[in-house]
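Listed below, chain by chain, are the residues.
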Amino acid sequence: MTRSPKRAVIIGAGIAGLAAAHRLREAGWEPIVVERAPARRPGGYAVTFSGIGYDAAERMGLLPALRLRHITPDELVYVAPNGKRRFSVPGPTVRAMLGERALNVLRGDIEDVLYEAIRDKVDLRFGTTIDTISQSEREVHLALSDGTEETADLVIGADGLHSATRALAFGPEEDFRLDLGHMVGVFMLDELPDVVTERATSALTDTGRTLAVISLGQQRAAAFFGFRTDDVTRDLTDGPTLALTRTYGDMGWAAPHVLAQLPTAEDVYFDSVSQMLVNRWSRGRVVLLGDAAWCVTLFAGFGSSLAVGGADLLGAALELHPDDVPAALSAWESELRPQAERKQKLGRRVKGLYAPADPFRLWLRDLPLRMAALPPVSRLLERHLQLKG
Ligand SMILES: Cc1cc2nc3c(=O)[nH]c(=O)nc-3n(C[C@H](O)[C@H](O)[C@H](O)COP(=O)(O)OP(=O)(O)OC[C@H]3O[C@@H](n4cnc5c(N)ncnc54)[C@H](O)[C@@H]3O)c2cc1C
């Protein structure tokens, strides 16, 4: 006999896992979320939140809270290798370029908004992970690292690029991972380097590497490193301190001040830029969601949107097929996969633009932004937004 309400165990309390918990609850399910980290992760990097994620957040009533977290820098400053300003794009122009149905939010702030929406309604267990998983046609059994066992109608692996759920139920990570030849490192700064303007996003790109400092005001600032590599395994093994010092040690500008804060930074994100090519996102009653399933990467700039939009569509599919979980998962995947694959293709196509290999490509990459920085063009863009707003 089926239990009522149906139970889902969600592995991972990132954007995908929290959004799924919220949406499944709306659909009448009882979600349990297990998160490996001992507590919530604040801050992170700024993401553009648009498309199906934005639409879903609006439907779920989360948009007002997200809007409060929206950040627009006062300007985008492009810095030359000698530390001098090359050109800058004013904040209102940046806003206009973003489009009217898009927000610029810290990853941790999206998680915060989702967490606040579910914290009193959902069983959320920090410091816990999944040890084993097995399933029959009717249910899934899990052993968790806190010694408990759970039986559920559905398990959602929302545990990111290096998903343990995927490893247990689908196969080893190497079978699905496509490295795009770049590394990324991000952490919150305790101090803003003197050479950087308050409330601006300042970036220096020379051949093969970018450093950006994002000042959010109220003493919040983040450093972003993105660089090309021909040896992802070496960089991952070396870890952020060694790999970033090796790559940025001679950069000058804000790099020395930022690198000096690395050893004491609290939560450093450092990983390869990799996509997940999983030919089917569900196996029976176990489904992958978010970066665990597709990881379109920062090059596509759409992962958080797909995570929230994907969670919303999953909830809708479960509502449409209340007594047939595998059918719901199939219908969900047929609807979402074309969009995720389009974004993956985009990510592979634009990968060279983040840390261009040569000066000509760098010039080409900056051309639209240089154009946008010209006063007549920026006035036009800003006017366009005002008319639409
Ligand atoms: C630098 C950068 C810039 C980006 N820019 C954009 C952008 O502009 N626009 C956009 O839409 N997207 C962007 N993205 C992508 C976006 O951030 C991700 O796609 C999104 O955050 C993925 O969320 P997720 O919940 O699927 O995975 P994650 O954020 O990886 O969350 C996974 C969660 O699972 C937990 N976990 C991991 N393993 C286990 C385990 N074994 N057991 C239990 N819990 C576990 C983790 O601790 C974490 O809380 C960017 C990404 C990066 C790195």
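These figures come from a predicted structure and were not determined experimentally.

Draft legend 1. A look at the site of the ligand. The local shell around the ligand holds 31 residues, among which Glu 35, Thr 48, Thr 129, Asp 291 and Ser 304 are the closest. Contact between the ligand and Ala 16: an oxygen atom at 2.9 Å from a main-chain N or O atom of the residue. Ser 305 has a polar backbone atom sitting 3.4 Å from an oxygen atom of the ligand. Those elements that provide at least two residues to the shell around the ligand are α1 (15–26), β2 (30–35), β3 (46–50) and α9 (303–320). Among the residues making up the shell around the ligand, the classes are represented as 14 nonpolar, 11 polar and 6 charged.

Draft legend 2. Here's a closer look at the packing of aromatic side chains. Applying the stated criterion across every chain, the model contains 9 aromatic pairs. Their ring planes at 80° and their centres at 6.0 Å tell us that Phe 227 and Tyr 248 sit as a pair that is edge-to-face. Of the two residues, Phe 227 sits in strand β15 (residues 220–228) while Tyr 248 sits in helix α7 (residues 232–248), which places them 21 residues apart along the sequence. Tyr 248 matches Phe 227 in its accessibility class, with the two residues each being buried. An aromatic cluster is defined as three or more aromatic residues linked by ring pairs; in this entry it consists of Phe 187, Phe 225, Phe 227 and Tyr 248. Sitting over the face of the ring of Tyr 115, Arg 40 holds its NZ or CZ atom 4.9 Å from the ring centroid. One cation-aromatic arrangement involves Arg 337 over Trp 281; the distance from NZ or CZ to the ring centre is 4.4 Å.

Draft legend 3. The environment of Asp 179, seen in detail. With respect to the helices, strands and loops of the structure, Asp 179 is situated in strand β12 (residues 177–189). In this structure, the C-alpha to C-alpha distance between Asp 179 and Val 273, residues 94 residues apart in sequence, is 6.1 Å. If sequence neighbours within four positions are ignored, Asp 179 has contacts with Val 232, Ser 272, Val 273 and Ser 274. Polar contacts involving the side chain of Asp 179 include one to the side chain of Arg 177, which spans 2.8 Å. A polar contact is formed between the side chain of Asp 179 and the side chain of Ser 274, at a distance of 2.6 Å.

Draft legend 4. View of α9. With 18 residues, α9 extends 25 Å between its outermost C-alpha atoms, agreeing within 8% with the 26 Å of an ideal straight helix rising 1.5 Å per residue. With 14 of 18 residues buried, α9 is to be regarded as a mostly interior element.

Draft legend 5. Geometry of the packing of α1 against α9. Close contact between α1 and α9 brings their axes to 8 Å; oriented N to C, the two are set at 25°. Classified by the angle their axes make, α1 and α9 are roughly parallel. α1 and α9 meet at a crossing whose hand is right-handed. The residues of α9 that touch α1, namely those facing Ile 15, Ala 16, Ala 19, Ala 20, Arg 23, Leu 24 and Glu 26, are Ser 304, Ala 307, Val 308, Ala 311, Asp 312, Gly 315, Ala 316, Leu 318 and Glu 319.

Draft legend 6. Looking closely at the environment of Leu 168. Summarising the element assignment, Leu 168 is placed in helix α6 (residues 164–169). In this structure Leu 168 comes out as partly exposed when scored by relative accessible area, which is 39%. Here the alpha-carbon distance between Leu 168 and Ser 134, two residues 34 residues apart in the chain, equals 9.0 Å. Setting aside chain neighbours within four positions, we find Leu 168 in contact with Ile 130, Asp 131, Thr 132 and Ile 133.

Conventions we followed
Residues numbered from 1 in each chain as written. Predicted model: local features only at pLDDT ≥ 70, side-chain atom pairs only at ≥ 80, totals over all residues. Heavy atoms only, no water. Near = heavy atom within 4 Å. Polar contact = N/O pair within 3.5 Å; in protein donor to acceptor, adjacent residues only side chain to side chain. Helix = DSSP H or I, 4+ residues; strand = E, 2+ residues; numbered from the N terminus. Nonpolar A, V, L, I, M, F, W, Y, C, P; charged D, E, K, R; others polar. Phe/Tyr/Trp six-rings, centres within 6.5 Å; stacked < 30°, edge-to-face > 60°. Buried < 20%, exposed > 50% of the residue type's maximum accessible area, 1.4 Å probe, protein only. Lys NZ or Arg CZ within 6 Å of the ring centre and 35° of its normal. Contact = heavy atoms within 4.5 Å. Expected span 1.5 Å × (residues − 1). Axes fitted to C-alpha atoms, helices over the stretch in contact; angles between N-to-C directions. Parallel < 35°, antiparallel > 145°, perpendicular 65-115°, else oblique. Left-handed = near helix turned anticlockwise from the far one by under 90°.

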